[in-house]
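# An overview of the molecular structure
Listed here are the chains, written in short residue letters.
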Amino acid sequence: MQTPQEKAAGWIERNHTLMAWAVTSQERKATYIGSLQREQTGLKCDCVCPACGGRLQAINAGKPIPKVPAGKTPRPHFRHDVGQQYESCLIKMSQIVALQLLLQEKAIYLPPQTVSFLVVGASGQIYTGTSHCDGLTMDVAAREWIDEHEAKITLQDGRVVWLRLFGTVSSNPAQPGEAVITHLPFSNKPSKASLERQAEFTNLMELAQDVAARDPRGLLDLVRLYTRPIQTELLLSCAKSPPHGGKADIAPHQLFMPRVPLVLTSHSHYPQLDETQFEVDLAKDPILPGPWYRERYAKALSEVGSGKKSGAWEQDRNHSVAAILPWGIACVFGGNHSIAAGILAGEGVVTPCEAWDMSGLLAKVRCDGIHYVEIETGKPICKMHDPKMGAVFEIGRLLEQHQIKPLRRL
Ligand SMILES: [Zn+2]
């Protein structure tokens, strides 16, 4: 013979798809059905569904669960006032609840150096990413909801941790339907743009990992893909700017951390390689010229290339290119306008006049999607401004691991 409590528990088990949580319509605060009073029954609960935005009725609010006769009156729950409850409504709500539960912790464990963000599944499992702080457990002094996606925890020593819920689930190894909570230790409030850059970096790196696992030779195509927007921007700049207003070419030290001391980022501080081992195919390789003078650009575009006045693209003394390894990016020191014309005509091969192995930079620095970080100390060196170049930086590490050598003359 089952007790009423056991019957009620069994009923709940069978009806686990009932929505037990909602957010309040004004403050967007996650609210448990069990916290409501009788007089908040129906639309008086003033709650909405965070996924579809629909108004919710509180059914049987304020009734203790064991007193609900099994099988007859449903246990307290939220019901959509108009329309139906979709699976996405429950998933979204469970994500918010996961964030709420994390926020209620009295202490928070901040993982060690190799961790910069936590990914928390709704199942409660915590997955870790990359970071720059020592592992420690800190008491929580204050907590505050910013909106239903974001919360702020103040630690006892005054430092602030922002927790933010991402709506989409693409970060491995979380499963579909699980919440992904990004935890940014000790930063000021991250801007929306910075969170978007971080998400973009994560996605770009996931594709790179996927390609590397299938066949790492494809990583070279990803370097081409991720640098192409910069190449296009440089090629276009001269066309859309005043006659002498095009962007300058990108020097090796400007590729990843443009405003960091040259002792770290200048190619000349790294080993020089035999440049005759390399060649740059203008049609496909990542080369970054900066045509800046409109008249020269017009002349090069109209004269250089097969079928035009000057004929097929040929290297001359004016063309000065440095191959930067291990990424296989070519920086242009001279001949910007005709190199740009060769890229656009899809023809021409250049032997670099210099080649540099900057893999030593990868031994000192890593990119975590927020910052470039000094590996030895874990300290941020500078912000990551461009997720594509941040990803290219880390792809350099993969190229090394898999011994893929770009720009090699065959
Ligand atoms: Zn809904």
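As the structure is a computational prediction, the values presented were derived from the model and not from experiment.

Reading guide: rules and limits
Residues numbered from 1 in each chain as written. Predicted model: local features only at pLDDT ≥ 70, side-chain atom pairs only at ≥ 80, totals over all residues. Helix = DSSP H or I, 4+ residues; strand = E, 2+ residues; numbered from the N terminus. Buried ≥ 20, exposed ≤ 12 C-beta atoms within 10 Å, placed from the backbone. Contact = placed C-beta atoms within 7 Å. Expected span 1.5 Å × (residues − 1). Bend = angle between axes of the 7 residues up to and from the residue. Pairing = 2+ DSSP bridges. Axes fitted to C-alpha atoms, helices over the stretch in contact; angles between N-to-C directions. pLDDT = per-residue confidence, 0-100. Core = buried A, V, L, I, M, F, W, Y, C linked by C-beta atoms within 7 Å. Parallel < 35°, antiparallel > 145°, perpendicular 65-115°, else oblique. Left-handed = near helix turned anticlockwise from the far one by under 90°. Nonpolar A, V, L, I, M, F, W, Y, C, P; charged D, E, K, R; others polar.

## Observations regarding the overall build of the chain
Along the chain, the regular secondary structure elements total 9 helices and 22 strands. Every one of the 410 residues in the chain was classed for burial, and the buried ones make up 36%. Partitioning the intrachain contacts of the chain with sequence separation of at least 6 by distance along the chain shows that 66% fall at a separation of at least 24.

## Let's talk about unusual backbone geometry
Here the amide bond leading from L325 into P326 is cis, since omega sits at 10°, within 30 degrees of zero. The residue P326 is located in the loop between β16 (320–325) and β17 (329–334) in this model.

## Let's talk about helix α4 (residues 219–240)
Helix length check: α4, at 22 residues, gives a terminal C-alpha distance of 32 Å against a target of 32 Å (1.5 Å per residue), a fit within 8%. Of all the bends in α4, the greatest reaches close to 40° and is centred on T227; the proline P229 follows between one and four positions later. By the burial criterion, the buried members of α4 are L219, L220, L222, V223, Y226, T227, L234, L235 and C238.

## Things to note about the sheet that holds strand β5 (residues 77–80)
The antiparallel open sheet is built from 5 strands, whose spatial order is β2-β1-β3-β4-β5. One side of each edge strand has no neighbouring strand; the edge strands of this open sheet are β2 (30–32) and β5. In this sheet, adjacent strand axes meet at a mean angle of 55° when their direction is disregarded. Where strand β1 (residues 21–24) lies against β2, 3 bridges are found, and the strand directions are antiparallel. Residue pairing for β2: A22 is matched across the bridge by T31.

## Considering the confidence of the model for the chain
Mean pLDDT for the chain: 81, with 78% of residues reaching 70 or above. In the predicted structure, residues 120–124 sits below a pLDDT of 50 and forms 16 contacts with residues beyond four places in sequence or in another chain. Overall, residues 184–188 carries pLDDT values under 50, and its contacts beyond four positions in sequence, including any with other chains, amount to 10 contacts.

## Quick word on the nonpolar core
Core analysis: the biggest nonpolar cluster contains 59 residues, and I287, A323, I324 and A330 have the highest contact counts within it. It is α4 that provides the largest number of residues to this core, a total of 8 residues. Dropping the residues within four chain positions of it, I287 is found in contact with V280, L282, V321, A330, V332, I339 and I343. Of all hydrophobic cores here, the second largest spans 23 residues; its members include W21, I33, L36 and C45.

## Observations regarding the pairing of β16
Of all 6 residues in β16, 5 are buried, a share of seventy percent or more. Bridging between β16 and β17 involves 5 bridges; their strand directions are antiparallel. Among the inter-strand pairings, V321 is bridged to a residue of β17, identified as V332. Alignment of β16 against strand β19 (residues 354–357), held across 4 bridges, turns out to be parallel. Within β19, the position partnered with I324 by the bridge is W356.

## Re helix α9 (residues 387–401)
The end-to-end C-alpha separation of α9 is 21 Å, in line with the 21 Å expected for 15 residues at 1.5 Å each. The set of residues buried in α9 consists of P387, M389, G390, A391, V392, F393, E394, I395, G396 and L399. Contacts from the buried residues of α9 go to α3 (192–214), α4, α8 (359–364) and β20 (365–367). Q403 sits one or two positions beyond α9 and adopts a positive phi of about 55°.

## A few points about the pairing of β19
Examined bridge by bridge, strand β13 (residues 272–273) and β19 share 2 bridges and lie antiparallel to one another. Along β19, the bridge assignment pairs L273 with A355.

## Some points on the environment of S268
Along the chain, S268 falls in the loop between α5 (262–265) and β13. Through-space distance from the C-alpha of S268 to that of M358 is 9.1 Å; in sequence the pair is 90 residues apart.

## Notes on the sheet that holds strand β21 (residues 371–374)
What the 3 strands build is an open sheet, ordered β20-β21-β22; its pairing is antiparallel. Only two strands of the sheet have a single neighbouring strand rather than two, namely β20 and β22 (380–383). Each strand axis lies, on average, 20° off the axis of its neighbour in the sheet, ignoring direction.

## A look at the packing of α3 against α9
Close contact between α3 and α9 brings their axes to 9 Å; oriented N to C, the two are set at 30°. Relative to α9, the element α3 lies roughly parallel. Once α3 is placed against α9, the crossing between them reads as right-handed. On the side of α3, the interface is formed by R197, E200, F201, L204, M205, A208 and A212, while α9 contributes P387, K388, G390, A391, E394, I395 and L398. Classifying every residue of the contact of α3 with α9 by side-chain character gives 9 nonpolar, 1 polar and 4 charged.

## Digging into the packing of α3 against α4
Here α3 crosses α4 at 155°, and the two axes come no closer than 9 Å. Between α3 and α4, the interaxial angle falls into the category roughly antiparallel. Residues L204, L207, A208, V211 and A212 of α3 touch α4, and the partners they reach there are L219, L222 and Y226. Within the contact of α3 with α4, the residues separate by chemical class into 8 nonpolar, no polar and no charged.

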